[in-house]
Amino acid sequence: ATPTAVMVASGMGASLGVLIKGGDALEKAHKVKIVVFDKTGTLTVGKPVVVSAVLFSEFSMEELCDMTVSVEASSEHPIAKAVVAHAKRLRQKFGSRTEDVPDVKDFEVHVGAGVSGKVGKRTVLVGNKRLMHACNVPICSEVERYICENEIQARTCVLVSIDGKIAGAFSVSDPVKPEAKRVISFLHSMGISSIIVTGDNFATAIAIANEVGIDEIFAETNPLGKADKVKELQMKGMTVAMVGDGINDSPALVAADVGMAIGAGTDIAIEAADIVLVKSSLEDVVTAIDLSRKSMSRIR
Ligand code: ADP
Ligand code: MG
């Protein structure tokens, strides 16, 4: 596109809440054949809430909550924020008078899996099944059943292990954005397909995909896996747009022909993207592609 066309489109975009960082993205966006959507915070509202908490060992709910808060309080993940808020409420309910929880030592983030640390003498892991497998924590059939029951309802299970044994779990629900279904079906009508990529488990991903009408699913992956998926689609000759909000999406946002960051997302995602959806509405994925189609047709 000519510099003038880019300027005009950028100005129009800006007034609509679609920040386009350069002419390159604008030129590619009209050719997009597939949109890759992150799940948490992109397709979903990103404000998960805990809907249940259960015990699987001799530790009390208060002990479970104390240790979970100690470890999760250092995590930036939206799931961690939900778990901390809920566990703090439960602590109060069970009579804890203080706001304080024990300090955590050796805190570690396991990207796309969870967090870990030492609370007193105890080793505490908080995260998904993948984290437990990686750390050789066995999962009995009772825990497995709890996980399955929740995942088919699009809920994410946060498992807590203390000294190598599952002590309890939290089930987290994160509703899909109200516009998600409409946007996916509109994209389809424009001849653009969609795929969900997530670090979360398959059952949850399938439940969300069914709810919004996405037919391709790539789950249980890590940030580099998301980027590899984008490259794989490009290798098939497709122009790929990626929409994401998290640090974990930044490699895929960079790899995509058109990276779109949710405005309410992390700074790192916003930096990695070519286009920022300031209003955080998925409708603006369509706005961005539309803008590109219009400005390119005006040029040709
Ligand atoms: P998404 O791709 O959906 O944005 P992530 O890659 O950030 O998800 O995380 C993938 C999964 O890892 C989460 O669904 C959750 O099961 C687990 N996880 C990651 N961080 C945490 C945490 N701090 N606490 C509990 N679970 C976590
Ligand atoms: Mg996300």
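Residues numbered from 1 in each chain as written. Chains lettered and ligands numbered in written order. Predicted model: local features only at pLDDT ≥ 70, side-chain atom pairs only at ≥ 80, totals over all residues. Heavy atoms only, no water.

(A) Just the sheet that holds strand β13 (residues 275-277), in detail. Strands sit in the order β1-β13-β12-β11-β2-β9-β10 across an open sheet of seven strands; the sheet is mixed. The open sheet has two edge strands with one neighbour each: β1 (18-20) and β10 (216-218). Across the sheet, the mean angle separating the axes of adjacent strands is 20° when strand polarity is ignored. As paired strands, strand β9 (residues 193-197) and β10 are joined by three bridges and run parallel to one another. Across the sheet, V197 pairs through a bridge with F218, a residue of β10. Along the sheet face, helix α9 (residues 202-212) touches β9 and β10 and points at about 155° away from the line of β10. (Pairing = 2+ DSSP bridges. Helix = DSSP H or I, 4+ residues; strand = E, 2+ residues; numbered from the N terminus. Axes fitted to C-alpha atoms, helices over the stretch in contact; angles between N-to-C directions. Contact = heavy atoms within 4.5 Å.)

(B) Examining the domain arrangement of the protein chain more closely. Under the domain assignment used here, the protein chain contains domain 1 (3-45 + 176-299) and domain 2 (49-173). Computed over C-alpha atoms, the centres of domain 1 and domain 2 are 32 Å apart. Listed by partner, the interface residues are 12 residues for domain 1 and 10 residues for domain 2. Carbon and sulfur atoms make up 56% of the area that domain 1 and domain 2 hide from each other, which totals about 770 Å². At the boundary of domain 1 and domain 2, one finds zero salt bridges. Ranked by residues supplied to the side of domain 1 that touches domain 2, first place goes to α9 with four residues. (Domains from an automatic or database assignment. Buried area = accessible area lost by both parts, 1.4 Å probe. Salt bridge = Lys/Arg side-chain N within 4 Å of Asp/Glu carboxyl O.)

(C) Representation of helix α8 (residues 180-189) in the model. Turning to α8, its buried residues number three or more, namely A180, V183, I184 and L187. Down the axis of α8, the buried side of the element spans an arc of 100°, and every buried residue falls inside it. Seen from the open side of α8, the exposed residues pointing more than 90 degrees away from its buried face are K181, R182 and S189. (Buried < 20%, exposed > 50% of the residue type's maximum accessible area, 1.4 Å probe, protein only. Arc of directions from axis to C-beta.)

(D) The arrangement of the coordination of the magnesium ion (ligand 2) in detail. Looking at the metal site, the magnesium ion (ligand 2) is ligated by D38 (OD), T40 (O) and D245 (OD), spaced 2.2 to 2.3 Å from it. Mapping the donors of the magnesium ion (ligand 2) onto the primary sequence yields the spacing D-x1-T-x204-D. Summarising the burial analysis for this pair, D38 and T40 share the class buried. (Donors = N, O, S within 2.8 Å, 3.2 Å for Na, K, Ca; no water.)

(E) Structural context of the site of ligand 1. Around ligand 1 there are 21 residues in total, and T40, E72, H77, T198 and K226 lie nearest to it. At a separation of 3.0 Å, a nitrogen atom of ligand 1 approaches a polar side-chain atom of S75. Note that an oxygen atom of ligand 1 is positioned 3.1 Å from one of the backbone N or O atoms of G112. For ligand 1, whose unbound accessible area comes to 560 Å², protein coverage reaches 96%. For the shell around ligand 1, the elements supplying multiple residues, two or more each, are α3 (39-43), α5 (78-93), β5 (114-119) and β7 (155-162). (Near = heavy atom within 4 Å. Polar contact = N/O pair within 3.5 Å; in protein donor to acceptor, adjacent residues only side chain to side chain. Areas by Shrake-Rupley, 256 points an atom, 1.4 Å probe, with all protein chains shown as cover.)

(F) Molecular detail of the environment of R182. Within the fold, R182 resides in helix α8. In this structure the C-alpha to C-alpha distance between R182 and G213, which are 31 residues apart in sequence, comes to 9.0 Å.

(G) Summary view of the environment of P102. Turning to its location among the elements, P102 is positioned in the loop between α5 and β4 (104-110). Residues P102 and K118 lie 16 residues apart in sequence; the distance between their C-alpha atoms is 9.8 Å. Aside from chain neighbours lying at most four places away, what touches P102 is D66, S70 and V119.

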